[in-house]
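Commentary on secondary and tertiary structure
The primary structure of each chain is shown beneath.
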Amino acid sequence: LAVNARIRQGPSNDIVAAGRVSPAARSADLRVTGTIRDWSALQDDLPVRGAAALDLRVHGPFDALAAQGTVTVADAGYSTIDVGRLLATIDASSDAVVLDVTAPELAAHATGTLSLGGNRRAAIELQIDEADLERLIRDAGTPTYDHDAAVANNPSMAPVTAVLHPALFSQGGLAGDLGST
């Protein structure tokens, strides 16, 4: 059965799925393309922004669909942080989602695997090379931490302090002293 379906959500979100679906074999082979610009239409409090271009191949049996493809966001942002261009590849199966994301303006690259089975675990590796830390701190604002609220939610939580020594940065590594207070 040939399929050419378009889903529109308001004036900003537009997805097209084209390909074949076999009800008898309970399987599909589709190319899904489109643009998402209005993230709040997907979830009210989602703190992301930017126009995302999707290009995915979705295929396999209905009970074990897989997807591979790319997502490119030209002007990505998260909360108050301007990320710039994001380039992502996706490889999803019924067991896991594997992501490879690059943010050239932040000199950042991340890979991650999210398990979709049993315990739903995530393994993420992040590499940042020569990032503009002043920009990130400025955009993110000053982090806050309400120790009393954290202890009230988890009384067994022991406070921890970290002291980083600037001299250690010049040796090409990052190290610090961790201790309880």
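See above for the structure.
Residues numbered from 1 in each chain as written. Predicted model: local features only at pLDDT ≥ 70, side-chain atom pairs only at ≥ 80, totals over all residues. Heavy atoms only, no water.

Secondary-structure assignment places His 59 in strand β5 (residues 52–61). A polar side-chain atom of His 59 sits 2.7 Å from a polar atom in the side chain of Gln 68. Residues contacting His 59, with those up to four places away along its chain left out, are Ala 28, Asp 29, Ala 64, Leu 65, Ala 66 and Gln 68. (Helix = DSSP H or I, 4+ residues; strand = E, 2+ residues; numbered from the N terminus. Polar contact = N/O pair within 3.5 Å; in protein donor to acceptor, adjacent residues only side chain to side chain. Contact = heavy atoms within 4.5 Å.)

Next up on the list: the pattern of salt bridges. Scanning the model with the defined rule gives five salt bridges in all. Residues Asp 14 and Arg 6 are paired through a salt bridge, measuring 2.9 Å at the closest nitrogen-oxygen approach. Between Arg 57 and Asp 29 there is a salt bridge, and its shortest N-O distance comes to 3.0 Å. Of the two residues, Arg 57 is situated in strand β5 and Asp 29 in strand β3 (residues 27–36); the sequence distance between them amounts to 28 residues. We classify Arg 57 as partly exposed; its relative accessible area is 43%. Among the charged side chains, a salt-bridge network with shared partners connects Arg 6, Arg 8 and Asp 14. (Salt bridge = Lys/Arg side-chain N within 4 Å of Asp/Glu carboxyl O. Buried < 20%, exposed > 50% of the residue type's maximum accessible area, 1.4 Å probe, protein only.)

With that settled, the discussion passes to the environment of Arg 37. Positionally, Arg 37 belongs in the loop between β3 and β4 (48–49). A sequence separation of 13 residues divides Arg 37 from Gly 50, and the C-alpha atoms of the two residues are 6.1 Å apart. With residues up to four places along the chain from it excluded, the contact list for Arg 37 reads Ser 12, Asn 13, Gly 50 and Ala 51.

Bringing the pairing of strand β7 (residues 81–92) into the picture now. Here 10 bridges tie strand β6 (residues 66–78) to β7, and the two strands are oriented antiparallel to one another. Residue pairing across strands places Gly 69 opposite Ile 90, the latter belonging to β7. Taking the residues that link successive antiparallel strands as the turn, the β6-β7 hairpin has two residues, and the phi of Ser 79 there is positive, at about 55 degrees. One ladder, built from six bridges, connects β7 with strand β8 (residues 96–103); its direction is antiparallel. The residue of β8 that forms the bridge with Leu 87 is Thr 102. (Pairing = 2+ DSSP bridges.)

Now for the pairing of strand β10 (residues 122–128). Burial within β10 is sparse, with just zero of its seven residues counted as buried. Relative to β10, strand β9 (residues 108–115) runs antiparallel, the two sharing seven bridges. In the strand pairing of β10, Ala 110 is matched with Leu 126.

Along the chain, Leu 114 falls in strand β9. The class of Leu 114 is partly exposed, set by a relative accessible area of 38%. Here the alpha-carbon distance between Leu 114 and Ile 124, two residues 10 residues apart in the chain, equals 8.4 Å. With sequence-adjacent residues up to four places away left out, Leu 114 is seen in contact with Asp 95, Ala 96, Val 97, Arg 121 and Ala 122.

Roughly 850 Å³ of volume is contained in the largest pocket. In terms of lining, the largest pocket is formed by 33 residues, of which the most central are Val 83, Leu 86, Val 101, Ala 103 and Ala 110. Secondary structure elements with two or more residues in the lining of the largest pocket: β4, β5, β6, β7, β8, β9 and β10. Top element by residues in the lining of the largest pocket is β9. It accounts for seven residues. Split into classes, the residues belonging to the lining of the largest pocket amount to 26 nonpolar, six polar and one charged. (1 Å grid on protein atoms, 1.4 Å probe; cavity = no way out; pocket = protein on both sides within 12 Å on 5 of 7 lines; lining within 4 Å. Points joined across faces, edges and corners; volume = space filled by probe spheres on them. Nonpolar A, V, L, I, M, F, W, Y, C, P; charged D, E, K, R; others polar.)

Core analysis: the largest hydrophobic core is formed by 12 residues, namely Ile 36, Trp 39, Ala 52, Leu 54, Val 71, Val 73, Ala 76, Val 83, Ala 88, Ala 103, Leu 106 and Ala 108. Considering each element in turn, this core owes the most residues, three residues, to β6. The residues touching Ala 76, leaving out its near neighbours within four places in the chain, are Arg 49, Gly 50, Asp 82, Val 83, Gly 84 and Leu 86. Within the second largest apolar cluster, 10 residues are counted, among which are Leu 30, Val 32, Leu 56 and Ala 67. (Core = buried A, V, L, I, M, F, W, Y, C linked by side-chain atoms within 4.5 Å.)

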